[in-house]
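As a plain string of letters, each chain reads:
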Amino acid sequence: MTFDDYDFAKPYISGDEYIIWQGRPQKKIRFSMQDILLFAFGLVWCALVASALYKSWPTGDTMTKIMLPFMLVFGFSFTIGQTIFSKVMLFKTAYVITTRKIIRKRGKSIDTLEKDNMPEMRVKAYPDGSGSIRFGYLETRSSRNRGVSISSRDNPGIFNIENVDSVAKVQQAVYKMLESE
């Protein structure tokens, strides 16, 4: 995908609507604390399972030889793989803010956030001026039996503009969109 033009947004823009801001995530990758912890847990998980697989392979039964590789692949894909995939997808992401909506292309999927349905906006800025904007919030549910919190950062109620060069400029574009008629 080339980012020189933002033709992907044209079908979603009506006649009297115009573009306020367009951009994409910066090329440097920032890892959140959640990413680092998930990656570290994944490395430990994969190392333990690989060690158990190595030790049990010559003498292990058939079930062990089937389950341990499955656990290795499962652990890798849901920990290390998820972190890597989310960072690679940033290179295939572009944003357009118009007078009526925010349009995001992430890989091959395109989604929009209409001005009339705009949830709460949270801005995370870094000292160099870059940052991210999150619309919506994480829904946390508790399990009554165990008291465990479950949350997902890919919750469909959340719309992110991630890792942009000038988060203040994007925030101003969002405010301009909200003020426009």
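Note that this is a predicted model, so its numbers are computed, not measured. (Residues numbered from 1 in each chain as written. Predicted model: local features only at pLDDT ≥ 70, side-chain atom pairs only at ≥ 80, totals over all residues. Heavy atoms only, no water.)

Now for the overall build of the protein. When its secondary structure is counted, the protein shows three helices and nine strands. Each of the 181 residues in the protein was classed as buried or not, and the buried ones make up 34%. Expressed as a percentage of contacts within the protein between residues at least 6 apart in sequence, the contacts between residues at least 24 apart total 65%. About 11,800 Å² of surface is accessible on the protein, with carbon and sulfur atoms providing 58% of the total. (Helix = DSSP H or I, 4+ residues; strand = E, 2+ residues; numbered from the N terminus. Buried < 20%, exposed > 50% of the residue type's maximum accessible area, 1.4 Å probe, protein only. Contact = heavy atoms within 4.5 Å. Areas by Shrake-Rupley, 256 points an atom, 1.4 Å probe, with all protein chains shown as cover.)

Here the focus is the packing of helix H1 (residues 33-56) against helix H2 (residues 62-90). One can describe the packing of H1 onto H2 by two numbers: an axis separation of 9 Å at closest approach and a directional angle of 160 degrees. Judged on the interaxial angle alone, H2 and H1 are roughly antiparallel. Considering only the axes of H1 and H2, their crossing is left-handed. Grouping the constituent residues of the contact of H1 with H2 by class yields 18 nonpolar, seven polar and two charged. (Axes fitted to C-alpha atoms, helices over the stretch in contact; angles between N-to-C directions. Parallel < 35°, antiparallel > 145°, perpendicular 65-115°, else oblique. Left-handed = near helix turned anticlockwise from the far one by under 90°. Nonpolar A, V, L, I, M, F, W, Y, C, P; charged D, E, K, R; others polar.)

Once that is clear, we can look at the nonpolar core. Counting residues in hydrophobic clusters, the biggest one holds 16 residues, and the most contacted among them are Trp21, Ile97, Ile102, Phe135, Ile161, Val164 and Val170. With five residues, helix H3 (residues 167-179) is the largest single contributor of residues to this core. When sequence neighbours within four positions are dropped, the list of residues in contact with Ile161 reads Tyr95, Ile97, Ile102, Gly131, Ser132, Ile133, Phe135 and Val170. By size, the runner-up hydrophobic cluster in this structure holds six residues, among which are Tyr6, Phe8, Ala9 and Ala94. (Core = buried A, V, L, I, M, F, W, Y, C linked by side-chain atoms within 4.5 Å.)

In spatial order, the strands read S5-S6-S9; together these three strands make up an open sheet with antiparallel pairing. Of all the strands in the sheet, just strand S5 (121-125) and strand S9 (159-164) have a single pairing partner and so form its edges. Across the sheet, the mean angle from the axis of one strand to that of its neighbour is 10 degrees, orientation sign disregarded. Two strands pair when backbone bridges link them, and S5 and strand S6 (residues 131-135) are joined in this way by five bridges, in the antiparallel orientation. Bridging across to S6, Arg122 finds its partner in Arg134. Strands S5, S6 and S9 of the sheet are contacted by H3, whose axis makes an angle of about 160 degrees with S5. (Pairing = 2+ DSSP bridges.)

This brings us to the confidence of the model for the protein. Confidence along the protein averages 80 in pLDDT terms, with 86% of residues attaining 70 or more. Note that residues 145-156 has pLDDT below 50 and, in this model, 23 contacts with residues that lie over four places away or in other chains. (pLDDT = per-residue confidence, 0-100.)

This part takes up the packing of aromatic side chains. The relation between two aromatic rings is expressed through the spacing of the ring centres and the mutual angle of the planes. Under the counting rule described, the total for this entry stands at three aromatic pairs. Measuring from centroid to centroid gives 6.3 Å for Phe70 and Phe74, while their planes differ by 25 degrees, and the two rings are stacked. A residue pair is termed a helical-turn pair when its members lie 3 or 4 positions apart in one helix, as Phe70 and Phe74 do in helix H2 at four residues. Classification of Phe74 by relative accessible area gives partly exposed; the value is 41%. (Phe/Tyr/Trp six-rings, centres within 6.5 Å; stacked < 30°, edge-to-face > 60°.)

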